[in-house]
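# Structural overview
Residues per chain, in single letters:
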Amino acid sequence: MKIAVMGSGGVGGYFGAKLAAAGCQVTFIARGAHLAAIRQNGLLVRSPLGEVLIEQASVVEDPREIGSVDLVLFGVKLWDTETAAEAIRPLITGDTGVISFQNGVIKDDILVEMFGPQAVVGGVCYIAATIAEPGVIAHTGTMQKLVFGEYEGRLSERVKRFYEMCRQAGIDAEISDDIRRSIWEKFVFLVGFSAVTATTRCPIGIVRANPQARHLLAGVMQEVVDVGRAEGVPLAPGFVEDRMAFCDQLPESMTASMHHDLERGNRLEVQWLSGDVSRRGEKLGVPAPFNTAVYDILAVHAQGLAVAKS
Ligand SMILES: NC(=O)C1=CN([C@@H]2O[C@H](COP(=O)(O)OP(=O)(O)OC[C@H]3O[C@@H](n4cnc5c(N)ncnc54)[C@H](OP(=O)(O)O)[C@@H]3O)[C@@H](O)[C@H]2O)C=CC1
Ligand SMILES: CC(C)(CO)C(=O)C(=O)O
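Residues numbered from 1 in each chain as written. Chains lettered and ligands numbered in written order. Predicted model: local features only at pLDDT ≥ 70, side-chain atom pairs only at ≥ 80, totals over all residues. Heavy atoms only, no water.

The criterion, for reference: UniProt positions are given in the numbering used here, feature names are shortened, and annotations may be inferred rather than shown by experiment.
An unreviewed UniProt entry lists the chain under the name 2-dehydropantoate 2-reductase, with Desulfofustis glycolicus DSM 9705 as the source organism. Quoted verbatim from the Catalytic activity (unreviewed entry) heading of the UniProt record, the comment on the chain is "(R)-pantoate + NADP(+) = 2-dehydropantoate + NADPH + H(+)". As stated in UniProt under Function (unreviewed entry), the record for the chain gives "Catalyzes the NADPH-dependent reduction of ketopantoate into pantoic acid."

### Considering the site of ligand 2
Here is the rule we go by: A molecule or strand has a residue near it when one of that residue's heavy atoms lies within 4 Å. The term polar contact refers here to a pair of N or O atoms within 3.5 Å; inside protein, the definition further demands a hydrogen-donor-capable atom paired with an acceptor-capable atom, and it admits residues adjacent in sequence only when both atoms are side-chain atoms. What counts as a helix is a DSSP run of H or I of at least four residues, what counts as a strand is a run of E of at least two, and both are numbered from the N terminus. Residues are grouped as follows: nonpolar covers Ala, Val, Leu, Ile, Met, Phe, Trp, Tyr, Cys and Pro; charged covers Asp, Glu, Lys and Arg; every other residue, Gly included, is treated as polar.
In the vicinity of ligand 2, the contacting residues are Asn103, Cys125, Tyr126, Ile127, Met143, Lys186, Phe189, Leu190, Phe193, Met254, Ala256 and Ser257. One of the side-chain N or O atoms of Asn103 is found 2.9 Å from an oxygen atom in ligand 2. Within the contact set of ligand 2, an oxygen atom lies 2.5 Å away from a side-chain nitrogen or oxygen of Ser257. Among the secondary structure elements, those contributing two or more residues to the shell around ligand 2 are β8 (120-133) and α6 (179-200). The leading source of residues in the shell around ligand 2 is α6, at 4 residues. In terms of residue class, the shell around ligand 2 is made up of 9 nonpolar, 2 polar and 1 charged.

### Some words on the UniProt feature "domain: Ketopantoate reductase C-terminal" (unreviewed entry) in the chain
Feature annotation in UniProt assigns "domain: Ketopantoate reductase C-terminal" (unreviewed entry) to the following positions: residues 178-299. Secondary structure over residues 178-299 splits into 71% helix and 0% strand, and the C-alpha atoms at its two ends are 33 Å apart.

### Quick look at the packing of α6 against helix α11 (residues 274-284)
Definition in use: Here, axes are lines fitted to C-alpha atoms. For helices the fit covers the stretch in contact, and angles between N-to-C directions go from 0 to 180 degrees. Residue contacts are counted whenever heavy atoms from the two residues lie within 4.5 Å of one another.
Their axes nearest at 10 Å, the elements α6 and α11 cross at an angle of 115 degrees. Across from Trp184, Phe187, Val191 and Ala195 in α6, the residues of α11 making contact are Ser274, Asp276, Val277 and Arg280. Looking at the contact of α6 with α11, its residues break down into 5 nonpolar, 1 polar and 2 charged.

### Some words on the nonpolar core
Selection rule: We define the nonpolar core as a collection of buried residues of types Ala, Val, Leu, Ile, Met, Phe, Trp, Tyr and Cys that are connected through side-chain atoms lying within 4.5 Å of one another. Each residue's exposure class comes from its accessible area (1.4 Å probe, protein chains only) as a fraction of the maximum for that residue type: buried when under 20%, exposed when over 50%, partly exposed otherwise. Residue ranges for the domains trace back to a domain assignment, done automatically or taken from a database.
Grouped together as the largest cluster of nonpolar side chains are 46 residues, with contacts concentrated most on Trp184, Phe187, Ile204 and Leu298. Listing elements by their share of this core, those giving two or more residues are β8, α6, α7 (204-209), α8 (211-230), α9 (239-248), α10 (257-264) and α12 (289-298). Sorting elements by how many residues they give to this core places α6 first, with 12 residues. Inspection of this core shows a minimum of three residues originating in each of domain 1 (2-177) and domain 2 (181-309). Here Leu298 is in contact with Ala198, Thr199, Met258, Leu262, Leu268 and Val270, once residues within four sequence places are set aside.

### Points about the site of ligand 1
This is how the line gets drawn: For every accessible area listed, the method is Shrake-Rupley and the probe measures 1.4 Å; residues are considered covered only by the protein chains on display.
Taken together, 24 residues lie near ligand 1, and Val11, Arg31, Asn103, Ala129 and Glu269 sit nearest. Measuring from an oxygen atom of ligand 1, one finds a backbone N or O atom of Val11 at 2.9 Å. Side-chain polar atom of Arg31 to an oxygen atom of ligand 1: 2.8 Å apart, as the coordinates give it. For ligand 1, whose accessible area on its own is 900 Å², the fraction buried by protein is 84%.

### Some thoughts on the UniProt feature "domain: Ketopantoate reductase N-terminal" (unreviewed entry) in the chain
The UniProt record annotates "domain: Ketopantoate reductase N-terminal" (unreviewed entry) at residues 3-152. Counted over residues 3-152, helix gives 25% and strand 37%. Its end C-alpha atoms are 23 Å apart.

### As for the pattern of salt bridges
The line we're drawing: By definition, a salt bridge exists where a carboxyl oxygen of Asp or Glu is found within 4 Å of a side-chain nitrogen of Lys or Arg.
Taken as a whole, this structure holds 17 salt bridges when the rule is applied. Glu152 serves as the salt-bridge partner of Arg154, at 2.7 Å between the closest nitrogen and oxygen. Judged by its relative accessible area of 55%, Glu152 is exposed. Residue Glu263 is joined to Arg201 by a salt bridge in which the shortest nitrogen-to-oxygen separation is 3.2 Å. Of this pair, Glu263 sits in helix α10 while Arg201 sits in the loop between α6 and α7, and the two are 62 residues apart along the sequence. Within the structure, one salt-bridge network assembled from shared partners comprises Glu231, Asp276, Arg279 and Arg280.

Take a look at the structure:
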């Protein structure tokens, strides 16, 4: 199976390296200092599960050098979605599948619009990983899970083959027969988790121990559930309580990637997280005041420190 990884950062770099180490034919697409470092030293993953070094990793800046592939793993930040998707167009022919492991629920709408529904396989991931320095991915904790599946629920050959490869690579993988619901399930947790850790600038341990912050977390997640259900996503009864219990067993020091981005002065994905919930709620007549407030609070930081200070 020929795989291209568009966006070789925390997500793409980690999972791409695991697959490459297991013998899959993986080509990374990268840019800037990260590209130069991978070219020079290979791609290194530091993880509590063991270090992985892909020496002489196959890496390109221009996807046209790759030719057509069986699968594109798509892992750029949400603000780069359209330009990165345009860049992978030459890789997509016939039965090529594109799986985005980005956060948010809008990503696949964009990819379907660009490549058609037959190209897009739904996906969602659970991991905490980041580019620690050019050429180096740092994985925190041991969670590293991919969930994916065809939108119509069919068990396709490409999904089966990718699942087998993930298993060989030691990736915790699951095929979903309702990938839209799986994506929304993560969205409920992630929007809540990123909203509270970013607005309070505190890790989950402090948030969940404080009654007011806890109330905020549950309120944000409840609104996501309400909006999802109004869109026809069958989120289970008691899903917020279930996610609160999930948050209660996370490592105390864990925070969301959006909190890391805020601390580093990077751009934020809030527009596609709480911002998206707020907009969808308004359209559907579903109140989402917590998410609207989170979106408004973080708005001054959304374009990164350089813009916030100017
Ligand atoms: N990190 C995590 O633990 C998790 C992240 N996610 C989600 O996954 C997505 C990706 O996040 P993450 O992996 O952290 O992001 P990163 O910023 O770590 O990695 C994205 C990489 O893609 C590169 N890139 C963007 N556009 C292009 C392009 N056109 N050509 C080549 N390279 C490109 C970026 O380069 P540059 O730096 O130059 O912009 C960067 O190196 C996000 O939606 C995030 O919310 C989901 C679960 C966990
Ligand atoms: C919560 C987590 C780490 C789970 O994958 C995540 O997706 C993020 O912070 O962006």
